[in-house]
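The lines below spell out each chain.
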Amino acid sequence: METIVSGMRPTGNLHLGNYFGALRNFIKLQDKHNCYFFIADYHSLTTHPNPADLHKNVRTILSQYLACGLDPEKATIYVQSELPETAELYMFLNMNAYLGELERVTSFKDKVRQNPNNVNAGLLTYPTLMAADIIIHRATHVPVGKDQEQHLEMTRTFASRFNNMYKVDYFPEPVAYNFGEELVKIPGLDGSGKMGKSEGEGNAIFFVDEPEVMKKKIMRAKTDSGPTEPNQAKPQEIENVFSLMKLVSTEDTIKFFDEKYNDCSIRYGDMKKQLAEDMIAFTTPIRERIKEVENDSEYLRRVVRHGSEKARESARKTISEVREIIGFKSF
Ligand code: TYM
């Protein structure tokens, strides 16, 4: 049995990229492994949310996890800020994290470019906090999307640096995990590479989107004027629509449109209509469950209380062993 950890920032509603990139694998893994899944609310402080929004967003994402099939009887589901041991480990790891390597992280460079007036130390040390999240449970596998690959590389660096520094074999070096396959990047609807909430309105498909909204977004997905030669390579935006279709449509449907593309008779309007229909069929049961779960405060409270207690047990054990290794002793 492996120990598995993953988390998401509470920055809005869950989209298909989150689900197919990470959450779906997690749901599969929870049956057989020791799984910890958390809401990364410490991480979201880098963008300074106001207190009322912070709590609301945690609640939103928790309801949506549960509605997608995360099972609190199987996995340990908790809120990051209820585990102060993570913050302590983050501090220890920061003592051996170097400015040069942190500045080279792509996600940091992107944030600096996007928000030059908010380059805070939390953003710079995002990878050390993420490493702490993972190794606080001494995890070996981390189900995430492709965009998190570099952060996982940093986690391995920090874990092995700790081991080497103290001449111990304490932390495993965790790997990003997608059932032995390549990590995935789910494309958005705007023709660019990635589905994400910060990529602009209309790019992401959210589970909470009402069918009409979802359909409108999909019908507006970027396409071109169509193939002019048989079997021609698909441009990125067309490849994206096919990729989205592969998530929710049957093989026959995909084959049908593939053939139409290859003989130049494809009508993108028809393809998008089909995609919308299949996407709505896939998301509707989850959307309905979200509505039930988000109104059940008692259930949410129970889940978090139970999960946080279990997570703390594991975190306390790690932090007391880490203190011992570092050389902190009580008098
Ligand atoms: P976050 O909140 O941006 O995204 C949550 C998860 O969704 C995946 N994801 C995608 N996967 C494929 N295609 C997409 N278009 C797509 N968009 C989002 C992300 O890869 C991620 O797995 N740093 C993390 C949160 C975090 C964490 C951790 C994860 C904090 N500590 C420890 C794992 C372990 C983040 O910002 O994810």
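1. Some words on the overall build of the protein
Piece 1. Along the backbone of the protein there are 13 helices and five strands.
Piece 2. Whereas a compact globule of 331 residues would reach a radius of gyration of roughly 20 Å, the protein reaches 21 Å, a difference of no more than 12%.
Piece 3. Along the three orthogonal principal directions, the C-alpha set of the protein runs to about 80 × 45 × 40 Å.
Piece 4. Buried positions account for 48% of the 331 residues belonging to the protein.
Piece 5. Sequence-distant contacts in the protein: of pairs separated by 6 or more residues, those separated by 24 or more amount to 77%.
Piece 6. Charged side chains of the protein number 43 positive and 47 negative; the gap between the two group centres comes to 2 Å.

2. What about the site of the ligand?
Piece 1. Near the ligand you find 26 residues, and of these R9, Y126, D133, D147 and I186 are the closest.
Piece 2. The separation between a nitrogen atom of the ligand and a polar main-chain atom of G17 is 3.3 Å.
Piece 3. Look at the ligand: alone it shows 710 Å² of surface, and the protein chains cover 97% of it.
Piece 4. Among the elements of the structure, β1 (3-8), α1 (16-29) and α7 (126-135) are those that each provide at least two residues to the shell around the ligand.
Piece 5. For the shell around the ligand, the class distribution of residues is twelve nonpolar, nine polar and five charged.

3. Considerations on the layout of surface pockets
Piece 1. One number sums up the size of the second largest pocket: a volume of about 280 Å³.
Piece 2. Along the wall of the second largest pocket there are 14 residues; nearest its centre are H55, V58, L62, L300 and V304.
Piece 3. At the level of secondary structure, the elements contributing two or more residues to the lining of the second largest pocket comprise α2 (51-68) and α13 (297-326).
Piece 4. A per-class count over the lining of the second largest pocket returns six nonpolar, three polar and five charged.

4. Topic: the domain arrangement of the protein
Piece 1. Assigned domains of the protein: these are domain 1 (3-185 + 297-326) and domain 2 (197-291).
Piece 2. Placing a centre on the C-alpha atoms of domain 1 and another on those of domain 2 gives a separation of 31 Å.
Piece 3. Across the boundary between the two partners, domain 1 contributes 13 residues, which contact 14 residues of domain 2.
Piece 4. At the boundary of domain 1 with domain 2, total buried surface from both sides reaches about 1200 Å², with 71% on carbon and sulfur atoms.
Piece 5. Contact with domain 2 buries area across many residues of domain 1, yet L16, F20 and A67 alone supply 42% of it, more than any other trio.

5. What about the packing of helix α11 (residues 251-262) against helix α12 (residues 268-294)?
Piece 1. One can describe the packing of α11 onto α12 by two numbers: an axis separation of 11 Å at closest approach and a directional angle of 165 degrees. Taken together, the axes of α11 and α12 lie roughly antiparallel to each other. As α11 packs across α12, the resulting crossing turns out to be left-handed. Of the residues in α12, those in contact with T253, F257 and Y261 of α11 are Y268, D270, M271, Q274 and D278.
Piece 2. Considered class by class, the residues forming the contact of α11 with α12 number four nonpolar, two polar and two charged.

6. Let's talk about the packing of aromatic side chains
Piece 1. Under the definition given, this model contains 14 aromatic pairs.
Piece 2. Aromatic side chains Y19 and F207 sit 5.4 Å apart centroid to centroid with 75 degrees between the ring planes, which places their arrangement in the edge-to-face category. Placement of Y19 in helix α1 and of F207 in the loop between β5 (175-176) and α9 (211-219) is noted, with a sequence separation of 188 residues between them. Summarising the burial analysis for this pair, Y19 and F207 share the class buried.
Piece 3. Both rings, one in F162 and one in Y166, keep their centres 4.9 Å apart while their planes meet at 55 degrees; by these two values the pair is tilted. Highlighted residues: F162 and Y166, both in helix α8 (residues 149-166), separated by four residues, approximately one helical turn.
Piece 4. Take Y166: its relative accessible area is 27%, and that puts it in the partly exposed class.
Piece 5. An aromatic cluster of at least three residues, connected via ring pairs, comprises Y19, F20, F207 and F282.
Piece 6. Over the ring of F179 we find K28; its NZ or CZ atom is 4.8 Å from the centre of that ring.

7. Regarding the pairing of β1
Piece 1. The buried fraction of β1 is high, at five of six residues.
Piece 2. As judged from the six bridges shared by β1 and strand β2 (residues 34-39), these two strands associate in the parallel manner. Considered in β2, the bridge of T3 is made with N34.
Piece 3. Handedness of the crossover is the feature at issue here: the chain leaves β1, passes through α1, returns alongside β2, and the resulting connection is right-handed.

8. Details of empty space enclosed by the protein
Piece 1. On inspection of all chains with the given rule, the structure shows two cavities of 30 Å³ or more.
Piece 2. Size it by volume and the largest cavity reaches roughly 50 Å³.
Piece 3. Taken together, F92, L93, N96, F158, R161 and F162 make up the lining of the largest cavity.
Piece 4. Contributing elements (two or more residues each) for the lining of the largest cavity: α3 (84-94) and α8.

So, how was this worked out
- Residues numbered from 1 in each chain as written.
- Predicted model: local features only at pLDDT ≥ 70, side-chain atom pairs only at ≥ 80, totals over all residues.
- Heavy atoms only, no water.
- Helix = DSSP H or I, 4+ residues; strand = E, 2+ residues; numbered from the N terminus.
- Rg over C-alpha atoms; globule rule 2.2 N^0.38 Å.
- Buried < 20%, exposed > 50% of the residue type's maximum accessible area, 1.4 Å probe, protein only.
- Contact = heavy atoms within 4.5 Å.
- Lys, Arg positive; Asp, Glu negative; His and termini not counted.
- Charge placed at Lys NZ, Arg CZ, Asp CG, Glu CD.
- Near = heavy atom within 4 Å.
- Polar contact = N/O pair within 3.5 Å; in protein donor to acceptor, adjacent residues only side chain to side chain.
- Areas by Shrake-Rupley, 256 points an atom, 1.4 Å probe, with all protein chains shown as cover.
- Nonpolar A, V, L, I, M, F, W, Y, C, P; charged D, E, K, R; others polar.
- 1 Å grid on protein atoms, 1.4 Å probe; cavity = no way out; pocket = protein on both sides within 12 Å on 5 of 7 lines; lining within 4 Å.
- Points joined across faces, edges and corners; volume = space filled by probe spheres on them.
- Domains from an automatic or database assignment.
- Buried area = accessible area lost by both parts, 1.4 Å probe.
- Axes fitted to C-alpha atoms, helices over the stretch in contact; angles between N-to-C directions.
- Parallel < 35°, antiparallel > 145°, perpendicular 65-115°, else oblique.
- Left-handed = near helix turned anticlockwise from the far one by under 90°.
- Phe/Tyr/Trp six-rings, centres within 6.5 Å; stacked < 30°, edge-to-face > 60°.
- Lys NZ or Arg CZ within 6 Å of the ring centre and 35° of its normal.
- Pairing = 2+ DSSP bridges.
- Right-handed = clockwise from strand over helix to strand, strands pointing away.

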